[in-house]
Amino acid sequence: MDFINNAKVCLVDANLNKQTIDWIGQNVTAPIFGDTVSCAKARHFEGILDKMTTLKPNALEASLLTGIDINDEHSAKQAAQSLLNKGIKNVFISLGADGILCANNQKMLIIHPFKTNIVNANGAGDCGMAAITWSYFDNPNRQLGEIGRIAQAASSIALESTKSVPDITVNQIYAKLESMSVAL
């Protein structure tokens, strides 16, 4: 427990069973980041939403957790606000081809996808989640929009790779951001 509680981040995905995730919520004091993984598993987080620093569902998973059908930007923002109201500090809802909705209690914005030559869609969400987690690990005070752009850069790199889990470096992310004329 000391090792986990002294970590900068505890990343949990919903492949863990609900009882384990509930235990983590009751015992872990490090910032908890969660990836909902799938509609079948998203509800594993319901018991600890008020303990989470960050959650990254896709639109369907966010709909399951909030009861709000996401079918446009307005409904996505409503779902994000509902998740924030449950106690989550930061919400990143993947909207697929429409981008990523980044939200906290101060701000809500959509970062649109980068122009990408899509080769393989597998793993793009995972790379986005890894980038969100790294962003916090690297700088816990990083601005919400910056985190969203970093996540979109990582997802874009993944989409352009033949690998489901491409080797992505920080330098590649910064190069992608620079090529898209997005300054941090």
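Residues numbered from 1 in each chain as written. Predicted model: local features only at pLDDT ≥ 70, side-chain atom pairs only at ≥ 80, totals over all residues. Heavy atoms only, no water.

## So, the packing of aromatic side chains
What describes a pair of aromatic rings is the distance from one ring centre to the other and the angle between the planes of the rings.
Alright, step 1. Within this structure, the stated rule accounts for 2 aromatic pairs.
Alright, step 2. Between Trp134 and Tyr174 the ring centres are 6.5 Å apart and the planes differ by 80°, which places this aromatic pair in the edge-to-face class. Here Trp134 is found in helix 5 (residues 124-138), whereas its partner Tyr174 is found in helix 7 (residues 170-179), with 40 residues between them in sequence.
Alright, step 3. The class for Trp134 is partly exposed, based on a relative accessible area of 23%.
Alright, step 4. Looking at Lys8, its charged tip hangs above the ring of Phe137, at a distance of 4.8 Å from the centre. (Phe/Tyr/Trp six-rings, centres within 6.5 Å; stacked < 30°, edge-to-face > 60°. Helix = DSSP H or I, 4+ residues; strand = E, 2+ residues; numbered from the N terminus. Buried < 20%, exposed > 50% of the residue type's maximum accessible area, 1.4 Å probe, protein only. Lys NZ or Arg CZ within 6 Å of the ring centre and 35° of its normal.)

## Some points on the layout of surface pockets
To find leftover empty space, a probe the size of one water molecule is rolled over the atoms.
Alright, step 1. If you add up the space inside the largest pocket, you get close to 620 Å³.
Alright, step 2. Lining the largest pocket are 29 residues, with Ser94, Gly96, Ala124, Gly125 and Ser155 positioned closest to its centre.
Alright, step 3. Of all the elements in the fold, those that place two or more residues in the lining of the largest pocket are helix 5 and helix 6 (144-159).
Alright, step 4. Grouping the constituent residues of the lining of the largest pocket by class yields 12 nonpolar, 12 polar and 5 charged. (1 Å grid on protein atoms, 1.4 Å probe; cavity = no way out; pocket = protein on both sides within 12 Å on 5 of 7 lines; lining within 4 Å. Points joined across faces, edges and corners; volume = space filled by probe spheres on them. Nonpolar A, V, L, I, M, F, W, Y, C, P; charged D, E, K, R; others polar.)

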